[in-house]
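Chains, contacts and geometry: an overview
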Amino acid sequence: MAEMLSASDNHVAAGIGQCLQALMLTTTRPGTAPIILSFGNRTMALGRKRMAGMTGRNAFIYVKSKLGLLNATTPLHLQALFHGPVEEEEKYMEIDLEAWEELVPHILKLRIM
């Protein structure tokens, strides 16, 4: 229904439709759900609010410190699984740490490779 209103020629109806779509998006986002971190056979829940308050580089250092990987000699990469349609298979991708603040609200899971 919101999509039909948004496509309306009536500007008031289109505006109401856009507001309804925005409301639906905000209510379906995870908000305060924890971010699940995995490395090997370890799994940990991280606070979304804490992670959102960090820069990408600080978040990566924080995650490595939680897992005892600060002195790792091999290069490590942070990958994320993002919210998407349920029918899509899980696909992790490497994160642009410079865009961390934009990405955190959409992250379901993190893993270190």
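Whatever comes next refers back to the structure up there.
Residues numbered from 1 in each chain as written. Predicted model: local features only at pLDDT ≥ 70, side-chain atom pairs only at ≥ 80, totals over all residues. Heavy atoms only, no water.

To continue, consider the overall build of the protein. Across its full length, the protein carries 5 helices and 5 strands. Counting from the amino terminus, helix and strand elements in the protein follow one another as α-α-β-β-α-α-β-β-α-β. Counting over 113 residues, the protein shows a buried share of 29%. In the protein, the proportion of contacts linking residues at least 24 apart, taken out of those at least 6 apart, comes to 48%. When the accessible surface of the protein is split by element, carbon and sulfur atoms take 57% of a total near 7,900 Å². (Helix = DSSP H or I, 4+ residues; strand = E, 2+ residues; numbered from the N terminus. Buried < 20%, exposed > 50% of the residue type's maximum accessible area, 1.4 Å probe, protein only. Contact = heavy atoms within 4.5 Å. Areas by Shrake-Rupley, 256 points an atom, 1.4 Å probe, with all protein chains shown as cover.)

A separate point is the pattern of salt bridges. As enumerated under the stated definition, the model contains 1 salt bridge in all. Here Glu98 ties to Arg57 by a salt bridge, and the two come within 2.8 Å at their closest N and O atoms. Taken together, the residues Glu98 in the loop between strand 4 (93-94) and helix 5 (100-103) and Arg57 in helix 4 (residues 56-66) connect sequence positions 41 residues apart. Judged by its relative accessible area of 56%, Glu98 falls in the exposed class. (Salt bridge = Lys/Arg side-chain N within 4 Å of Asp/Glu carboxyl O.)

Right, let's talk about the side chain of Arg48 for a bit. Considering the arrangement of structural elements, one finds Arg48 in helix 3 (residues 48-52). Assessed through its relative accessible area of 6%, Arg48 is described here as buried.

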